[in-house]
Amino acid sequence: MQEPFDLLIRNAYVIDGTGAPRYQADIGIRGDRIERIGDLGSASARAEIDLAWRVAAPGFIDAHTHDDRALLGGPDMRPKLSQGVTTVIAGNCGISLAPMPRPIPQPVTPPLNLLDDQGDWFRFDRFAHYAQALRSSPSAVNSALLVGHTTLRVATMDRLDRPARETEIAAMRALVIEAMEAGAIGVSTGLFYEPAVAAPTEEVIEVCRPLRDFRGLYATHMRCEADQVMVSLEETFRIGREVGVPVVISHHKVIGAANYGRSRETLDFIRRSMATQPICLDCYPYTAGSTILSADRAATSARVIVTWSKALPQYAGRDLSAIADEMGVSQEEAIGRLLPAGAIYFRMDEDDVRRILQFDETMIGSDGLPHDASPHPRLWGTFPRVLGHYSRGLGLFSLERAVHKMTGLTARNFGLKDRGVIKEGAFADLTLFDPDTVAEAATYEAPIQQALGIEGVIVNGTLAWQQGRSTGARTGRVLAREAA
Ligand code: ZN
Ligand code: CU
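(A) How the structure looks around the overall build of the protein. A tally of helices and strands in the protein yields 17 helices and 19 strands. Its C-alpha radius of gyration of 22 Å places the protein within 12% of the 23 Å reference for a compact globule of 484 residues. Its C-alpha atoms put the protein at 70 × 50 × 45 Å along the principal axes. For the protein, the proportion of its 484 residues judged to be buried stands at 63%. Counting only contacts in the protein whose residues sit at least 6 apart along the sequence, the fraction spanning at least 24 positions is 76%. Split by element, the accessible area of the protein, about 17400 Å² in all, is 48% carbon and sulfur. For the protein, the centre of its 51 positive side-chain charges and the centre of its 60 negative side-chain charges are spaced 2 Å apart.

(B) Here's a closer look at the pattern of salt bridges. Under the criterion given, the structure shown has 37 salt bridges. A salt bridge links Lys 80 to Asp 62, with the shortest nitrogen-to-oxygen separation between them at 3.2 Å. Of the two residues, Lys 80 is situated in helix H2 (residues 78–81) and Asp 62 in strand S5 (residues 60–62); the sequence distance between them amounts to 18 residues. For Asp 62, a relative accessible area of 0% gives the class buried. Taken together, the shared-partner salt bridges in this structure form one network comprising Asp 32, Arg 33, Lys 417, Asp 418, Lys 423 and Arg 477.

(C) Spatial organisation of helix H12 (residues 320–327). Those residues of H12 not exposed but buried are Leu 320, Ile 323, Ala 324 and Met 327. The buried residues of H12 occupy an angular sector of 100° when the element is viewed end-on, so they sit on one face. Exposed and facing more than 90 degrees away from the buried side of H12 are Asp 325 and Glu 326. Packing partners of the buried residues in H12 comprise helix H11 (295–299), strand S13 (303–309) and helix H13 (331–338). After H12 finishes, the residue Gly 328 shows a positive phi value of roughly 70°.

(D) Main features of the nonpolar core. Formed by 109 residues in total, the largest nonpolar core has its most connected members in Leu 71, Phe 127, Tyr 130, Ile 270, Leu 387 and Phe 433. If we skip the residues at most four places from it in the chain, Leu 71 touches Met 77, Val 88, Ala 90, Tyr 130, Leu 134, Ser 139, Val 141, Ser 143 and Leu 145. By size, the runner-up hydrophobic cluster in this structure holds 18 residues, among which are Ala 12, Ile 34, Ile 49 and Leu 463.

(E) Region of the structure containing empty space enclosed by the protein. This model, assessed by the stated rule, comprises two cavities of 30 Å³ or more. Counted as a void, the largest cavity has a volume near 180 Å³. Taken together, 21 residues form the lining of the largest cavity, with Tyr 193, His 221, Lys 253, Ser 290 and Thr 291 sitting closest to its centre. Of all the elements, strand S12 (residues 288–292) adds the most residues to the lining of the largest cavity, at three residues.

(F) Expanded view of the state of the cysteines. In total, this model carries zero disulfides according to the counting rule given. Just so you know, Cys 208 is unpaired, no disulfide at all, and the nearest cysteine sulfur is the one on Cys 93, 15 Å from it.

(G) Here's a closer look at the environment of Ile 292. Checked against the element boundaries, Ile 292 lands in strand S12. Judged by its relative accessible area of 11%, Ile 292 falls in the buried class. The sequence separation of Ile 292 and Leu 112 amounts to 180 residues, and the corresponding C-alpha distance is 9.7 Å. Look past the residues within four positions of Ile 292 in its chain and what remains in contact with it is Pro 110, Pro 111, Asn 113, Leu 114, Tyr 193, Arg 297, Trp 308, Ala 341, Gly 342, Ala 343 and Tyr 345.

(H) Structural view of the coordination of the zinc ion (ligand 1). Only Cys 93 (SG), His 221 (ND1) and His 251 (NE2) from the protein coordinate the zinc ion (ligand 1), and they sit 2.0 to 2.2 Å from it. The sequence pattern describing where the donors of the zinc ion (ligand 1) fall on their chain is C-x127-H-x29-H. If you look at the zinc ion (ligand 1) and the copper ion (ligand 2), they sit 3.0 Å from each other and are both ligated by Cys 93. Linking Cys 93 in the loop between strand S6 (85–90) and helix H3 (127–136) with His 251 in the loop between strand S10 (247–249) and helix H10 (263–274), this pair joins segments that are 158 residues apart in sequence.

(I) Region of the structure containing helix H7 (residues 201–208). Extensive coverage of H7 is indicated by the burial of six of its eight residues. Along H7, the residues classified as buried are Thr 201, Glu 203, Val 204, Ile 205, Val 207 and Cys 208. For H7, the secondary structure elements touched by its buried residues are helix H4 (149–156), helix H5 (166–181), strand S8 (186–190), helix H8 (211–214), strand S9 (217–221) and helix H9 (229–243).

(J) Local environment of the coordination of the copper ion (ligand 2). Protein-derived coordination of the copper ion (ligand 2) comes from His 64 (NE2), His 66 (NE2), Cys 93 (SG) and Asp 367 (OD), at a distance range of 2.1 to 2.3 Å. Metal-centred angles of 83 to 167° between the four donor atoms at the copper ion (ligand 2) mark the site as irregular.

(K) Spotlight on the sheet that holds S9. With parallel pairing, eight strands are arranged side by side in an open sheet as S5-S6-S7-S8-S9-S10-S11-S15. On the outer flanks of this sheet lie S5 and strand S15 (362–364), each paired with one strand and no other. Ignoring which end each strand starts from, the neighbouring axes of this sheet average 30° apart. As defined by bridge partners, S10 adjoins strand S11 (residues 279–283) across three bridges and the pair is classed as parallel. Across the sheet, residue Ile 249 finds its bridge partner in S11, namely Leu 281. Contacting strand S7 (142–148) and S8, H4 crosses the sheet at an angle of about 50° to S7.

What counts, and at which threshold
Residues numbered from 1 in each chain as written. Chains lettered and ligands numbered in written order. Predicted model: local features only at pLDDT ≥ 70, side-chain atom pairs only at ≥ 80, totals over all residues. Heavy atoms only, no water. Helix = DSSP H or I, 4+ residues; strand = E, 2+ residues; numbered from the N terminus. Rg over C-alpha atoms; globule rule 2.2 N^0.38 Å. Buried < 20%, exposed > 50% of the residue type's maximum accessible area, 1.4 Å probe, protein only. Contact = heavy atoms within 4.5 Å. Areas by Shrake-Rupley, 256 points an atom, 1.4 Å probe, with all protein chains shown as cover. Lys, Arg positive; Asp, Glu negative; His and termini not counted. Charge placed at Lys NZ, Arg CZ, Asp CG, Glu CD. Salt bridge = Lys/Arg side-chain N within 4 Å of Asp/Glu carboxyl O. Arc of directions from axis to C-beta. Core = buried A, V, L, I, M, F, W, Y, C linked by side-chain atoms within 4.5 Å. 1 Å grid on protein atoms, 1.4 Å probe; cavity = no way out; pocket = protein on both sides within 12 Å on 5 of 7 lines; lining within 4 Å. Points joined across faces, edges and corners; volume = space filled by probe spheres on them. Disulfide = S-S within 2.5 Å. Donors = N, O, S within 2.8 Å, 3.2 Å for Na, K, Ca; no water. Tetrahedral: all angles 85-135°; square planar, octahedral: opposite > 155°, others 65-115°. Pairing = 2+ DSSP bridges. Axes fitted to C-alpha atoms, helices over the stretch in contact; angles between N-to-C directions.

In structure tokens, the structure reads:
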């Protein structure tokens, strides 16, 4: 007589994360692992869930997040768990919470203020201390951590409007080594943002040098996603080649009406380059982006919604044009009064978003900003929107493909061993959902809303989310990268 399972999921359609067609099975979990998959009719268990032929998928992996602080401070990672996310990649776009070996400037240098506009959370002088804090007070979801080049610049340079000097590069490189030894999976850059714009390609290469020995990876919010997007792709690929590591093109998009349609060009270049070096990319399923508020970004957008304002918090969630009207001033003047602030910018083409989502190698990443007062709906809606709107609704790809883009593909690219797939012996990170009803509820007007159709979320064998609520479990781990 077999010992009872800890948790038994009965009557599931298993979508295993590899892209393979779904099949019917029961899933037996013991400890933090999937022990058996098959007809487990006679088996017993301490707890059972009858899925009544809804879907069991691997827990979703959010390929692009800014959850560094939410992992520590958020009570239960509701924006992520409610969507079925069990693992987040944090530290993107050049901004990580750690390391910050000296006091953070006040006011906090944008875009680091997207993580914390007060600065109190930039309290980890070594990356190891941040990782240790996460391990000793676990989050509800797993995490894999990048160290941000912009954070390193702020930590080591007296001014950011010039290239780093030899000594500064050496200091940043030492911090990269410390972070990698502490379990980081790679370095991210945000060459688009002011504190890193002055960094030449060579600086990035030299700072990233240690990544090769640690088999880390390089993720980038590229210097340009508009007119110069092809040049930026070339720069990204060069950095990958010279450092000798895989690259991740973060939130791939083409911005600005003049560039609509150019995803044909970028994807073609990405595909050709993939033949000669490892390249990954992620995407969020919306035509609007979101970051800090600035006049030049606003000027090139069809519509702008303010997501937060430190100076005038009451305007969060409102259109910039309406705010300017109400103030009786120009939009530029209104922006001046709102800063520091964040915004949503409408300046992408739906056809480009679909083409990029549909591209075989594209992973799903939310780029959600968890501390915004009125966040972009991608924070709460990304994953169900891909499953519901883009797969079931528009038929852009099969549900199996959609799941693959948020599980197996992502785990493989980031080197997250035994994650992202449902197989015997893999970690029991699972998302249980109804394929007929799964959908995002978050909108631009009402962005803080739990997804529909997510029935249960299991993190390392423990039920973390059930029937629309967190169970209070905090079984997330800091994941290492194990490169193939
Ligand atoms: Zn970014
Ligand atoms: Cu980002």
